[in-house]
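What follows is each chain in one-letter form.
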Amino acid sequence: MDPLSAYRAFLERHPAYATTTALDALRSADYARLDASGQAYLDYTGAGLYAESQLREHTALLTTHVFGNPHSASASSADTTGVVEDTRRAVLKYFNAPPDDYTAVFTPNATGALKLVGEAYPFAPGGRFVMTADNHNSVNGIREFATAAGAAVDYAPLTMPDLRIDRPRLEALLAAADATEDNLFAYPAQSNFSGVKHPLDIVAAAQARGFDVVLDAAAFVPTNRLDLTIVQPEFVAVSFYKMFGYPTGVGCLLVRKRALGKLVRPWFAGGTVNFATVQGRAHILAPLEAGFEDGTLNYLSIPAVAIGLRHLESIGIDTIQTRVTCLTDWLLGELLALAHSNGRPMVRIYGPATTASRGATITLNFYDPEGHLLDYRRVEELASACGISLRTGCFCNPGAGETAEGLTEGDIRAALDDTAGRDMTLPRFLQFVQHRGGKSAGAIRVSFGLVTTFTDVHRFLAFAGTLRDQAKLALGEATFDIASCRVIRDGS
Ligand SMILES: Cc1ncc(COP(=O)(O)O)c(C=O)c1O
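Cut-offs applied
Residues numbered from 1 in each chain as written. Predicted model: local features only at pLDDT ≥ 70, side-chain atom pairs only at ≥ 80, totals over all residues. Heavy atoms only, no water. Near = heavy atom within 4 Å. Polar contact = N/O pair within 3.5 Å; in protein donor to acceptor, adjacent residues only side chain to side chain. Areas by Shrake-Rupley, 256 points an atom, 1.4 Å probe, with all protein chains shown as cover. Helix = DSSP H or I, 4+ residues; strand = E, 2+ residues; numbered from the N terminus. Pairing = 2+ DSSP bridges. Axes fitted to C-alpha atoms, helices over the stretch in contact; angles between N-to-C directions. Contact = heavy atoms within 4.5 Å. Salt bridge = Lys/Arg side-chain N within 4 Å of Asp/Glu carboxyl O. Buried < 20%, exposed > 50% of the residue type's maximum accessible area, 1.4 Å probe, protein only. Core = buried A, V, L, I, M, F, W, Y, C linked by side-chain atoms within 4.5 Å.

(A) Broad picture of the site of the ligand. Residues in close proximity to the ligand include Asn 109, Ala 110, Thr 111, His 136, Asn 192, Asp 216, Ala 218, Ala 219, Ser 239, Tyr 241 and Lys 242, which together make up its full environment. Here Ala 110 contributes a backbone N or O atom positioned 3.4 Å from an oxygen atom of the ligand. With respect to the ligand, the side chain of Tyr 241 contributes an N or O atom lying 2.7 Å from an oxygen atom. Here the ligand, which alone exposes 390 Å², has 88% of that area covered by the protein. Sorting the residues of the shell around the ligand by element identifies helix H6 (110-120) and helix H11 (240-244) as the ones contributing at least two each.

Structural data, given as structure tokens:
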């Protein structure tokens with residue numbers, strides 16, 4: 001179907017999309033580089049995109065102020081402290097966090113926020129660290145701190161095929177904890193692998209069992225509202241570039257002040273102490289967030305966070321959510337309907353096939369007419385030649401990928417043994433797994449955000465259509481006609 005007819009049919013099925021057309025005007029005015037470069041950007045879960053107006057506003061601020069190092073009493077220092085504290089308040093307000101309950105610690109990214117919790121949580125024998133199998137590696141990594149301190153570490157599995165949390169198994173793990181010990185539970189509000197939105201009521205359920213909760217909201221907040229008067233985890237991690245593209249290098253840990261008092265920092269640094277002595281070998285940590293912000297903050301970028309938040313507010317997160325939900329619903333349906341001439345499906349989607357409790361991240365693999373997996377690296381190469389930016393691999397979320405492919409502990413152990421004594425690299429590991437029973441250890445991910453248009457998504461679908469009836473596309477095997485965005489088999 002040509003793009004215009006497809007758009008008409010889409011609008012008929014998704015009339016709510018028409019309420020979001022302000023985003024098309026915004027894209028033309030403020031994200032003109034996208035269409036000027038002919039890019040179909042489909043990796044918003046990797047990184048959001050910034051509006052040009054955000055850059056202008058930030059440049060204007062920097063060119064009209066003298067910002068010095070915040071750790072002194074000069075006017076230039078006070079100006080810096082002023083914009084940093086204004087931004088902290090803006091962050092708390094954006095997430096509707098009661099300021100007497102929560103504070104925001106600025107970090108380099110979501111990973112930095114998660115590490116602050118992991119390294120300072122009072123893990124100890126008798127206590128537990130429970131995670132869901134669906135987690136980014138920046139959460140999985142916390143298990144190293146827990147294990148080193150003698151706490152028990154457990155994963156709650158996912159259900160197939162929807163990759164949702166196995167609630168009874170999770171409840172059993174939570175119930176097994178001794179509520180008098182320090183117990184931590186960590187999960188993502190939205191999966192960066194499958195797009196599943198995990199239930200936010202798990203926060204209160206885990207707290208009722210004596211757990212402190214880390215909510216990894218990095219993939220959730222770019223297209224969803226997180227209201228911290230409704231859901232109140234002890235710790236929330238976000239990266240701002242995922243929400244509005246700019247600046248990079250700034251994230252935050254939203255943290256309940258009560259829980260902050262429970263964390264034991266493993267060291268002190270410039271900026272985090274009220275007092276430190278060499279002769280006395282003692283230090284007094286600064287109170288609240290100041291005790292957790294090591295060294296000099298990224299004070300020139302932090303004000304750009306307030307600008308980005310205003311930008312999001314001026315658009316409205318609900319409008320963004322409506323748009324990406326319409327597009328996700330449409331693409332899921334179209335992809336699942338793709339079939340080779342022999343009737344075999346072309347696509348396997350990992351996770352839910354509808355938009356119920358799922359966000360705008362779709363992970364999939366393509367198959368040839370015989371049902372063989374198409375190499376996702378080759379698909380990425382072809383998509384890229386076609387001006388489509390998507391993501392492939394494991395997305396730093398091994399647990400969701402392993403569950404999706406039914407990889408067992410035995411599969412993983414065999415792969416580890418096979419590579420024992422050699423350098424374990426991800427490609428080598430993936431190759432091994434792939435040869436073992438045709439399982440894929442990687443996939444293709446497309447994700448939508450603030451200024452995704454129907455045209456972007458239609459381009460991806462048109463590209464997917466070119467893989468119809470293609471036999472196994474080994475890397476470098478088939479050629480691709482960029483002008484027509486068409487795969488050409490050797491010799492054809
Ligand atoms: C769910 C989730 N958590 C954490 C992270 C880590 O974010 P960053 O690399 O910005 O620290 C990501 C990044 O993709 C993510 O998607």
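So that's the structure; there's more coming.
(B) Highlighting the sheet that holds strand S7 (residues 235-239). On the basis of which strands lie adjacent, the open sheet formed by 7 strands has the order S2-S8-S7-S6-S5-S3-S4 and mixed pairing. Looking at the sheet topology across the chains shown, the edges are occupied by strand S2 (102-107) and strand S4 (152-156). Pairwise comparison of adjacent strand axes, ignoring direction, gives a mean angle of 20° for this sheet. Across the sheet, helix H9 (residues 167-175) touches strand S3 (128-132), S4, strand S5 (183-188) and strand S6 (211-216), and the angle it forms with S4 is around 160°.

(C) Representation of the pattern of salt bridges. By the definition in use, this model includes 28 salt bridges. Glu 334 serves as the salt-bridge partner of Arg 13, at 3.5 Å between the closest nitrogen and oxygen. You can see Arg 13 sitting in helix H1 (residues 3-13) and its partner Glu 334 sitting in helix H14 (residues 317-337), a full 321 residues away along the chain. A salt bridge links Lys 262 to Asp 182, with the nearest nitrogen and oxygen atoms 3.0 Å apart. Within this pair, whereas Lys 262 is found in the loop between helix H12 (257-260) and strand S9 (273-277), its partner Asp 182 is found in the loop between H9 and S5, the two being separated by 80 residues in sequence. Judged by relative accessible area, Lys 262 falls into the partly exposed class, the value being 30%. A residue is classified by how much of its surface remains accessible, and Asp 182, at 25% relative accessible area, is partly exposed. Taken together, the shared-partner salt bridges connect Glu 85, Arg 88, Glu 289 and Glu 293 into one network.

(D) How the structure looks around the nonpolar core. Leu 335 and Phe 460 are the most contacted members of the largest nonpolar core, which totals 110 residues. The element that contributes the greatest number of residues to this core is H14, accounting for 9 residues. Beyond its immediate chain neighbours, meaning those up to four positions away, Leu 335 contacts Val 347, Ile 349, Ile 362, Leu 364, Phe 460, Leu 461 and Ala 464.

Function cannot be inferred from these measures alone, as they are strictly geometric.
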